[in-house]
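Chain by chain, the residues run as shown.
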Amino acid sequence: MSAVVLLPGLLNDARLWQHQSVYFADEREVIVPDLTQSESIHEMAEKVLDETRGRIALAGLSMGGYVALEIIKMAPDRVCRLALFDTSARLDSPERRAERISSLKLAEEGKFLGVSRKLLPRIIHEKWVDTEVGETVIAMGKTLGKAVFIRQQQAILARRSQAPFLRDIAVPTLVAIGDSDQVTPIEESVLMAREIPQSALHIIETAGHLPPLEQPDATNHLLKQWLMWQ
């Protein structure tokens, strides 16, 4: 039975997928790779391939989705199914790219603040801001820190578009996004679901950019069904 590999996003670690790791632990090997030390999306993908064996059920959120798409392009025979949460195959819009460059410049000038409470409503649904979900998001940013933020943002800015290759994906693919995601436009998920041949789009209610933390039961259910697709 293939291992489930769960890829975190920007300034996220294994805590992003903690509920899924527990939920699937009794039936499958669950791997959450460390994506904090690589200098590029391609290097992150190589690391995941080097640290896993055989065919894998691969899920990625946001930056993790960029890595997942790079992996299936590099080694399609290694991936038996794909799940893309709150991510995009295309490059950032000019406005989003400018935001990344601005935040990167601030961090390089020593003005990195991690994930502040003020920023939380942009990342997660307002319902979860003053809960353990919000505390976990803040804690991940604090733990990973400025150097990881700079390294990951630089990798994201330098990534290549995977949109031209979506039609080549030949495995069952789940595309999911929070209904209140303010980071990744829902249009990006619609595009991926339209272009990937064996795909299904799901909108997760009362969730922002991090459904695995915000709506763990709904995320677990989607992934459980995804693992059963033929």
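Preceding this paragraph is the structure being described.
Here's what I pulled together on the structure shown here. All of these numbers come straight from a predicted model, not from anything done at the bench. Starting afresh in each chain, residues are numbered from 1 along the sequence in its written order. Per-residue local features are limited, in this predicted model, to residues with pLDDT of at least 70; the limit for side-chain atom pairs, both in listing and counting, is 80 or more; totals at the level of whole chains, interfaces and linings are taken over all residues. Side-chain measures were taken over the full set of non-hydrogen atoms in the model, leaving aside hydrogen atoms and water.

**Some details on the side chain of Asn220**
Counted only if it meets this: Numbered from the N terminus, helices here are DSSP runs of H or I no shorter than four residues, and strands are runs of E no shorter than two. Burial classes: relative accessible area under 20% of the type maximum marks a residue as buried, over 50% as exposed, and values in between as partly exposed (1.4 Å probe, protein chains only). Two residues qualify as a contact provided that any one of their heavy atoms is within 4.5 Å of a heavy atom in the partner residue.
Structurally, Asn220 can be placed in helix H9 (residues 216-228). Residue classification places Asn220 among the buried positions, given a relative accessible area of 6%. With residues near it in sequence (within four places) discarded, Asn220 still touches His19, Gln20, Tyr23 and Phe24.

**Considerations on the sheet that holds strand S3 (residues 56-61)**
To keep it simple, the criterion reads: Note on pairing: two strands pair once DSSP finds at least 2 bridges between them.
Across the sheet, which stays open at both edges, the six strands sit in the order S2-S1-S3-S4-S5-S6 with parallel pairing between neighbours. The sheet is open, and its two borders are formed by strand S2 (30-31) and strand S6 (199-204), each paired with just one other strand. For strand S4 (residues 79-85) and strand S5 (residues 173-178), the ladder comprises four bridges, and the chain directions are parallel. Within the sheet, the bridge partner assigned to Ala83 lies in S5 and is Leu174.

**A look at unusual backbone geometry**
Glycine aside, a negative phi is what most residues show, and trans is what most peptide bonds show. Its identity as a non-glycine residue notwithstanding, Ser62 has a phi of 55 degrees, on the positive side. Looking at the element boundaries, Ser62 is found in the loop between S3 and helix H3 (63-74). Residue Thr206 is not a glycine yet carries a positive backbone phi of 55 degrees. On the secondary structure map, Thr206 appears in the loop between S6 and helix H8 (211-214).

**A short note on the environment of Ser38**
Tracing the backbone shows Ser38 in the loop between S2 and helix H2 (41-51). A relative accessible area of 3% means that Ser38 is categorised as buried. Taking the C-alpha atoms as reference, Ser38 lies 9.2 Å from Val148; in sequence the two are 110 residues apart. What Ser38 contacts, discounting residues up to four positions off in sequence, is Glu43, Met44, Lys47 and Arg151.

**Side note on the nonpolar core**
As a reminder of what qualifies: Residues belong to one nonpolar core when they are buried, are Ala, Val, Leu, Ile, Met, Phe, Trp, Tyr or Cys, and are joined through side-chain atoms within 4.5 Å.
Ranked by size, the top nonpolar core spans 39 residues in total, and within it Trp17, Phe85, Ile124, Val137, Leu223 and Trp226 carry the most contacts. Looking at this core, the elements that each hand over two or more residues are strand S1 (3-7), S3, S4, helix H4 (94-108), helix H5 (120-123), helix H6 (132-157), S5 and H9. In terms of residue count, the dominant contributor to this core is H6 (nine residues). Once residues within four sequence positions are removed from consideration, Ile124 is found in contact with Val129, Val133, Gly134, Val137, Gly208, Leu210 and Glu214. In terms of nonpolar packing, the next biggest core, distinct from the first, is built from 33 residues, Leu7, Ile56, Ile156 and Ile196 among them.

**A few points about the pattern of salt bridges**
Short version of the rule: One speaks of a salt bridge when a side-chain nitrogen belonging to Lys or Arg is within 4 Å of a carboxyl oxygen belonging to Asp or Glu.
Scanning all chains against the criterion turns up 14 salt bridges. In this structure, Glu109 and Lys111 form a salt bridge, with 3.7 Å as the shortest nitrogen-oxygen distance. We note a salt bridge from Arg194 to Glu195, for which the minimum N-O separation is 3.6 Å. Its relative accessible area of 16% is what places Glu195 among the buried residues.

Coordinates in, geometry out; function isn't part of it.
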